[in-house]
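The lines below spell out each chain.
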Amino acid sequence: TSNSMWGGRFAEGPSAVMREINASLPFDQRMWRQDVAGSRAHVAMLGKQGIVQPADAEAIAEGLTQVAAGYERDGVPDDLSLEDIHMLTEARLADAIGPVAGRLHTARSRNDQVATDFRLWVRDAIDQVLDALTAFQAALLVRAEEHAGAVMPGFTHLQSAQPVTLGHHLMAYHEMIARDVSRFTDARARMNLCPLGSAALAGTGFPIDRHATAEALGFDGPTRNSLDSVSDRDFALDYLAAAAQCSLHLSRLAEEFVLWASQPFGFVALSDQWSTGSSIMPQKRNPDAAELVRGHSGRITGCLVSLMMTMKGLPLAYSKDMQDDKPPVFEAHDLLGLSIAAMTGMVESATFRTDRMRALAESGYATATDLADWLVREAGVPFREAHHITGRAVARAEALGVTLDAVPLGDLQAMDARIDARVFDVLSVDASVASRTSFGGTAPANVRAAIAVARGEA
Ligand code: ARG
């Protein structure tokens, strides 16, 4: 038999494959709360405007409460013949209150309905992500404060470069997440206009009040062009773009945890809660969660590309291709939620091996720049020449098999007579980090100041 919602002109029902390829219920049932909320706002407005009788509007509102209670209690049934959550809910409503249910869809199309539901869903998703990112930032701040003065090697090209502090390193991630928070917040503000009332594509002749439904659903106002309203998925792309970029940050920290947890680095021991063993090698503690966060970032970015490809060639207005908008957004959201929670847990519970970090910072001639800077500052040597003299000092230290601050003063003076004993004040890793007091630098005092600013205390 033909479809009970739109089958008037059809003699036959769809083939089984048609039914399957057409149905979005298996995934869009995730939006049932948003669908009910949208219908509630719509029918209240229809009643107020006298487009349906107020008594009918009330019966529909009560019926929607029953339908929602049923979904809450029993879950959303998997009835593919009803295609999607919108038609399922309307069918349930008819089961609950009879033919008056048929008045709900007045002055509305599934095109503006789905655009509204999906915006509401993405808006909620952003709020969840923002909460999770706030918790992650709090964890970073706690560990950064604890290790504001802990010296570690800073790298460029993954080669020991200059000493930094672990607190400074963790605060670098705090900055990245702050930008993510700002991107999600921007996306939320930009998307917060309501497409409901755009109807199929052209608007409607019924005297609807789009401002009222927009306000009832917590939007800042109605969208301005009906064609754009039903075919715009920029809000979902904005969400995915922010999610992809956020996942890249999580992936970089995850990669550092993988490296740091390796035996050659030995900078971090992940807690038991965030490690796994091997089925054959008894000694193993593998950083699987970090590896999966690194892997998930690829999938999340794939979700962004997937929706971009869906949208790129669509003529106005709605086409069914757009039904494919939801799976990548749902998938990215689930993966991002897990990734943020896992990185928060790892940061909170990791044991940082600061003794090992310090030993490596001291062994890599990481204070060579400090020696060159000293020659510039204290002996008036041009930087290029100071760089050259310091290079010879590093070669000498390497030949002697000692750190830079253990090269005998006589050896240094043989390279340049302007060097005196005061140079040793700047050659330790602690002196090096303490000297980096330029704004945004790694000096422990700066790191503590940055933490205070991040906490809103300064
Ligand atoms: N299930 C559809 C979707 O997700 C709802 C909109 C259907 N509109 C239509 N004209 N067939 O996009």
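Residues numbered from 1 in each chain as written. Predicted model: local features only at pLDDT ≥ 70, side-chain atom pairs only at ≥ 80, totals over all residues. Heavy atoms only, no water.

(A) Broad picture of helix α5 (residues 85–97). An ideal rise of 1.5 Å per residue puts 18 Å on 13 residues; α5 measures up with 18 Å between its terminal C-alpha atoms. Of all the residues in α5, the buried ones are Ile85, His86, Met87, Leu88, Thr89, Glu90, Ala91 and Leu93. As for α5, its buried residues are in contact with α2 (25–28), α3 (32–48), α4 (54–74) and α6 (110–146). With its phi angle positive at about 85 degrees, Gly98 sits one or two positions after the end of α5. (Helix = DSSP H or I, 4+ residues; strand = E, 2+ residues; numbered from the N terminus. Expected span 1.5 Å × (residues − 1). Buried < 20%, exposed > 50% of the residue type's maximum accessible area, 1.4 Å probe, protein only. Contact = heavy atoms within 4.5 Å.)

(B) Region of the structure containing the UniProt feature "domain: Fumarate lyase N-terminal" (unreviewed entry) in the protein. Annotation from UniProt places "domain: Fumarate lyase N-terminal" (unreviewed entry) at residues 8–302. The annotated region residues 8–302 carries 61% helix and 5% strand content, and the separation between its end C-alpha atoms amounts to 40 Å. (UniProt positions renumbered as here; feature names shortened; annotations may be inferred.)

(C) The arrangement of the packing of aromatic side chains in detail. Evaluation of the coordinates by the stated rule reveals 10 aromatic pairs. Ring centres of Phe184 and Tyr239 lie 5.8 Å apart, and the angle between their planes is 55 degrees; this geometry places the pair in the tilted category. Here Tyr239 lies in helix α10 (residues 234–261) and Phe184 lies in helix α7 (residues 166–191), a separation of 55 residues in the sequence. Across the pair, exposure class does not vary: Phe184 and Tyr239 are buried alike. (Phe/Tyr/Trp six-rings, centres within 6.5 Å; stacked < 30°, edge-to-face > 60°.)

(D) The arrangement of the confidence of the model for the protein in detail. This prediction gives the protein a mean pLDDT of 96; 100% of its residues lie at or above 70. Scored by ipTM, the complex comes to 0.97, with pTM at 0.94. (pLDDT = per-residue confidence, 0-100.)

(E) Here's a closer look at the site of the ligand. In the region of the ligand, the neighbouring residues are Ser24, Asp84, His86, Arg110, Asn111, Val114, Tyr318, Gln323 and Lys326. Contact distances for the ligand include 2.9 Å between a nitrogen atom and a side-chain N or O atom of Asp84. A distance of 2.9 Å separates a nitrogen atom of the ligand from a polar side-chain atom of Asn111. About the coverage of the ligand: the protein hides 86% of its 340 Å² of free accessible area. (Near = heavy atom within 4 Å. Polar contact = N/O pair within 3.5 Å; in protein donor to acceptor, adjacent residues only side chain to side chain. Areas by Shrake-Rupley, 256 points an atom, 1.4 Å probe, with all protein chains shown as cover.)

(F) Inspection of the nonpolar core at higher detail. Ranked by size, the top nonpolar core spans 71 residues in total, and within it Phe184, Tyr239, Phe257, Trp260 and Leu336 carry the most contacts. Going through the elements one at a time, α6, α7, α10, α11 (288–311), α12 (326–349) and α18 (444–454) are the ones with two or more residues in this core. Leave out the neighbours within four places in its chain, and Phe184 touches Ile126, Val129, Leu130, Leu133, Tyr239, Ala242, Ala243, Cys246 and Leu336. Core analysis: the next-biggest nonpolar cluster, separate from the first, contains 24 residues, Trp32, Met45, Val52 and Leu82 among them. (Core = buried A, V, L, I, M, F, W, Y, C linked by side-chain atoms within 4.5 Å.)

(G) Local environment of the UniProt feature "domain: Argininosuccinate lyase C-terminal" (unreviewed entry) in the protein. The UniProt entry lists residues 365–434 under the feature "domain: Argininosuccinate lyase C-terminal" (unreviewed entry), expressed in the numbering used here. The span residues 365–434 shows a helical share of 61% and a strand share of 0%, and its end C-alpha atoms are spaced 17 Å apart.

(H) Focus on the packing of α7 against α10. Closest axis-to-axis distance for the α7/α10 pair is 8 Å, and the angle between their directions is 170 degrees. One way to sum up the angle between α7 and α10 is to call them roughly antiparallel. Classified by chirality, the crossing of α10 by α7 is left-handed. (Axes fitted to C-alpha atoms, helices over the stretch in contact; angles between N-to-C directions. Parallel < 35°, antiparallel > 145°, perpendicular 65-115°, else oblique. Left-handed = near helix turned anticlockwise from the far one by under 90°.)

(I) Quick peek at α18. Those residues of α18 lying buried are Pro444, Asn446, Val447, Ile451 and Ala452. Those residues of α18 that are buried are in contact with α6, β2 (159–165), α7 and α17 (429–435). Of the residues flanking the end of α18, it is Gly456, one or two places downstream, whose phi is positive at about 75 degrees.

(J) The arrangement of the environment of Gln162 in detail. With respect to the helices and strands, the residue Gln162 is situated in strand β2. Apart from the residues lying within four places of it in its own chain, the contact partners of Gln162 are Met152, Pro153, Gly154, Ala366, Thr369 and Arg436. At 3.1 Å, the side chain of Gln162 forms a polar contact with the side chain of Thr369.

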